[in-house]
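So the chains spell out like this:
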Amino acid sequence: MEFTIKQSVLKDELGFVQGIVEKKSTIPVLSNILIESVGENSIRIVGTDLDVTIRCETSANIKKSGSMCVQARKLFDIVRLLDDADVHFTKDENEWVKLNCGKSNFRLAGVSKENFPEVPSFKSAPMKLTADIFNHFIHNTSFAITNEQSRFTLSGAKFMIDGNSAKMVTTDGHRLAYIERNLSGNATAEAMDALIPKKALLELVKIARDAKGEVSFGEDPNHIYFEVDGRLLITRKLSGTFPNYEMVIPKDNDKIATFDADEMKTAIRRVSLMADERTRSVRLTIKPNEIEIGAQSSEEGEASEKIAADYSGEEVNIGFNSQYLQDFLNVIGAAAESETIEQETDGEKVKVKETGGKPRVAFEFKDGNAQTQMSVAGDKNYTYKYIVMPLRI
């Protein structure tokens, strides 16, 4: 095989594949990527860890068709340090690969294509959603996915779509994130209800981040396929039964306090410095017109801070893991910042224009022992709920 490709183009495509290639695997070939010619003017780059596969296609000048398999990380490290010029690849005897760019010359050890895992065949992708919707769904839910490998069915997101709406739900057993969007005007006749692994979600965000159009996707009994701007992501579905999330969403929370998200975020960040390192607990004392955030450690001391709130009910004390609150406040704050930028460039984000880009949180609760629900006050585009179990204080 022999081909020439621009350094900037190759660097971008290799960057997408890096996230799923195994750095230290018990199967050595998984640390390699497969590069093969597709016709006369393009190459295909494939990386996999057997659970998630990314396939990228990009233009190149093919002088001799074929394939090569080289170490992914080493190639990426080399390419990103090369000059912005044409990079020439030649496959030599015994799977060795020569790389030339300007005055730079490298010779890399390769492996046979026969040793590289077979990539699942690409099925049809009959459904479509905009890249913005997928990015928003994942951004607002992925932080609540468990990191405990033993809790297999919780190590991804439940994704549901039908002709009327799209939903994504995640939980780690202590908190739950739920987001839904009505698809009026973007309805699809197909339907899906599947568990998508966290790693696949994060890689999908990377390849869809700068996409201007739609994400095409579909499924077979074992895999889900996402296609974005010529890049294909294939992931195994998680098996098992996701918990009944509808039972977790509170139905009888009769008290509501609203407050500025940024004020609460910065207050919790300061006060939690004095929280117990094991529980990370902070205490919210909700009073008429204000919320007091407090934390204490028997060894280090204590802290408290008050913020303004719209609330007129009786005083209630609720304890929380401070990290769980910060995770939610961080994502809605980041979303507001990006929406403000979009408003300034194309004037489409009317909702942010009304709120000045500073979201307010609706904090719904019953008492100090029942699960609390948080949402962005006044957001009409999405139904977004974040449910957290309180701590005993």
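You'll find the structure just up there.
By convention here, each chain's residues receive numbers from 1 onward along its written sequence. With the structure being a predicted model, the display of local features is reserved for residues of pLDDT at least 70 and the display and counting of side-chain atom pairs for 80 or more, all residues being used for whole-chain, interface and lining totals. Side-chain numbers here rest on the full set of heavy atoms in the structure, without hydrogens or water.

Caption draft 1: Region of the structure containing the packing of aromatic side chains. Planes of paired rings set the category: under 30 degrees apart is stacked, over 60 is edge-to-face and the rest tilted, where pairs are Phe, Tyr or Trp rings (Trp by its six-membered ring) whose centres lie within 6.5 Å. Counted under the stated rule, the structure contains 15 aromatic pairs. On the basis of an interplanar angle of 85° and a centroid distance of 5.3 Å, the ring pair of F134 and F217 is categorised as edge-to-face. With a gap of 83 residues between them, F134 in helix α3 (residues 131-141) and F217 in strand β16 (residues 214-219) connect regions that are remote in the sequence. Using a relative accessible area of 2% as the deciding quantity, one classes F134 as buried. Counting from the N terminus, the helices are the DSSP runs of H or I reaching at least four residues and the strands are the DSSP runs of E reaching at least two. Throughout, exposure labels follow a simple rule: accessible area from a 1.4 Å probe, protein chains only, divided by the maximum for the residue type, with under 20% read as buried, over 50% as exposed, and the rest as partly exposed.

Caption draft 2: Molecular detail of the layout of surface pockets. In this analysis, the protein atoms alone were mapped onto a 1 Å grid. Cavities are point sets where a 1.4 Å probe fits without being able to get out; pockets are open sets with protein on both sides within 12 Å along at least five of seven lines; lining residues have an atom within 4 Å of a point. Grid points are joined across faces, edges and corners, and a volume is the space filled by probe spheres set on the points. Quantified by volume, the second largest pocket comes out at close to 450 Å³. Around the second largest pocket sit 16 residues that line it, and D51, F152, S155, P197 and K199 are the ones nearest its centre. Tallied by class, residues from the lining of the second largest pocket come to five nonpolar, four polar and seven charged. Residue polarity is assigned by list, with Asp, Glu, Lys and Arg as charged and Ala, Val, Leu, Ile, Met, Phe, Trp, Tyr, Cys and Pro as nonpolar; anything else, Gly included, falls into the polar class.

Caption draft 3: Examining the sheet that holds strand β26 (residues 383-388) more closely. At least two DSSP bridges between two strands are needed for those strands to be called paired. Spatially, β15-β12-β13-β14-β26-β25-β24-β19 is the arrangement adopted by the eight strands of the open sheet, whose pairing is antiparallel. At either margin of the open sheet sits one strand with a lone partner, and together these are β15 (192-197) and β19 (255-260). Here the average twist between neighbouring strands, direction ignored, is 20°. In this structure, strand β24 (residues 360-365) lies alongside strand β25 (residues 372-376), joined through four bridges in antiparallel fashion. Across the sheet, F363 pairs through a bridge with M374, a residue of β25. Of the strands in this sheet, β12 (156-161), β13 (165-171), β14 (175-182) and β26 are in contact with α3, which crosses β14 at around 160°. Note on method: axes are straight lines fitted to C-alpha atoms, helices fitted across the in-contact stretch only, with angles between N-to-C directions ranging 0 to 180 degrees. Contact between two residues is taken to exist if any of their heavy atoms lie within 4.5 Å; hydrogens are not considered.

Caption draft 4: Region of the structure containing the pairing of strand β8 (residues 97-101). Across the two faces of β8 the burial differs, with V97, L99 and C101 buried and K98 and N100 not buried at all. In the sheet, strand β7 (residues 86-91) pairs with β8 via four bridges, with the strands oriented antiparallel. Counted as the bridge partner of T90 is K98 from β8. Linking two consecutive strands that pair antiparallel, namely β7 and β8, is a turn of five residues; a positive phi of about 60° is found at N94 within it. The pairing of β8 with strand β9 (residues 104-108) spans five bridges and is antiparallel. When the sheet's bridge partners are listed, N100 is paired in β9 with N105.

Caption draft 5: Inspection of the pattern of salt bridges at higher detail. Salt bridges, as used here, are contacts in which a Lys or Arg side-chain nitrogen is within 4 Å of a carboxyl oxygen on Asp or Glu. Under the defined criterion, the tally for this structure stands at 22 salt bridges. Among the salt bridges present, the one from R73 reaches D77, with a minimum N-O distance of 3.3 Å. With R73 and D77 both in helix α2 (residues 72-79), this residue pair falls four residues apart, about one helical turn. Look at D77 and you get partly exposed, because its relative accessible area is 26%.

None of this, on its own, says anything about what the molecule does.
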